[in-house]
Amino acid sequence: PAVMAHAPHMRRLAGGECIFVPAPRSRALARAALAAVKGQPLSQGYFHHPAIRHWMGALLENRAITQAVVYGSAMAPYVLRQPLLSPARCVLDMVDVDSDKWAQYVPTCRPPTRWLYAWEARRLAKLERRAAQRFGATTLVSSYEAATLASLVPEAGAKIRGVPNGVDLNFFDPKLRFERPFPEEVNAVVMTGLMDYWPNRQGAEWFAGHVLPLITRNMPKARFYVVGANPPAGFLSQIPNVV
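Just so we're clear, the structure is a prediction, and the values are computed from it rather than from any experiment.

**Examining the side chain of Thr216**
On the secondary structure map, Thr216 appears in helix α9 (residues 198–218). Among the residues examined, Thr216 registers a relative accessible area of 17% and is labelled buried.

**Side note on the environment of Arg25**
As for its placement among the helices and strands, Arg25 is situated in helix α2 (residues 25–37). Once the C-alpha coordinates of Arg25 and Tyr46 are considered, the two residues, 21 residues apart in sequence, prove to be 8.7 Å apart.

**Quick look at the sheet that holds strand β4 (residues 160–162)**
Taken in spatial order, the four strands of this open sheet run β1-β2-β3-β4, and their pairing is parallel. At either margin of the open sheet sits one strand with a lone partner, and together these are β1 (69–71) and β4. Sheet twist, expressed as the mean angle between neighbouring strand axes with direction ignored, is 25°. The sheet contact formed by β1 and strand β2 (residues 91–95) spans three bridges and is parallel. Counterpart to Val69 in the pairing with β2 is Val91. Across the sheet, helix α8 (residues 143–152) lies against β2, β3 (137–140) and β4, angled at about 160° from β4, the strand it touches most.

**Observations regarding the packing of aromatic side chains**
Under the counting rule described, the total for this entry stands at nine aromatic pairs. With a centroid separation of 5.2 Å and 35° between ring planes, the pair formed by Phe171 and Phe178 is classed as tilted. The partly exposed category is assigned to Phe171, whose relative accessible area is 46%. An aromatic cluster of three or more residues is present, and its members are Trp102, Tyr105, Tyr117 and Trp198. It is Arg123 that lies over the ring of Trp119; its NZ or CZ is 4.4 Å from the centre.

Calculation rules
- Residues numbered from 1 in each chain as written.
- Predicted model: local features only at pLDDT ≥ 70, side-chain atom pairs only at ≥ 80, totals over all residues.
- Heavy atoms only, no water.
- Helix = DSSP H or I, 4+ residues; strand = E, 2+ residues; numbered from the N terminus.
- Buried < 20%, exposed > 50% of the residue type's maximum accessible area, 1.4 Å probe, protein only.
- Pairing = 2+ DSSP bridges.
- Axes fitted to C-alpha atoms, helices over the stretch in contact; angles between N-to-C directions.
- Contact = heavy atoms within 4.5 Å.
- Phe/Tyr/Trp six-rings, centres within 6.5 Å; stacked < 30°, edge-to-face > 60°.
- Lys NZ or Arg CZ within 6 Å of the ring centre and 35° of its normal.

Following this line, the structure appears as structure tokens:
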């Protein structure tokens, strides 16, 4: 509800046709379970919503739309199954190779979670391969991620590109001055992100344990600020200079 309250403002910013669909966790998990029964990726079912599919169909019937940008592999089926829109004229911004992420989770877990992650890795890789073959272009957040996907689907390698995240050079111009949220004497290093997301948590732990000590040798007042929701209890509390 707190997010949906911003829908009118988002609609004004978009300046076009929008749909905002509440996604209660219980219903999303039920759809994920149904997807598993059908042999589909859990994430595909989790993010599937009939209202979005119907909205797309109605929009395409009434508007001359021939191209689209799709964000995330779990959203690709909305275009792959849409007869009124050719995937060959669309761009899939996959961002990450999510199947590889799930595969990396497998060795860190015990059954039955291990089996679930292995299942998702296999099924999602199948969807990613099919999407990369059919979309006109597939972009990912880095050349490393692009190479990872290209290794899974080499026949689509010419259509796969790494496009790094951009930076607003006007807003982040070092000549500009903003209110400093840290103590004046502190040299701050900041990481932001959800801390119940395993790659973020692993990255924060690695930086705090291996990189921060190297920094504080030369900059004793350096502090590492980990800013993100849902950290595990006691997360990084035993490591010096972490806030």
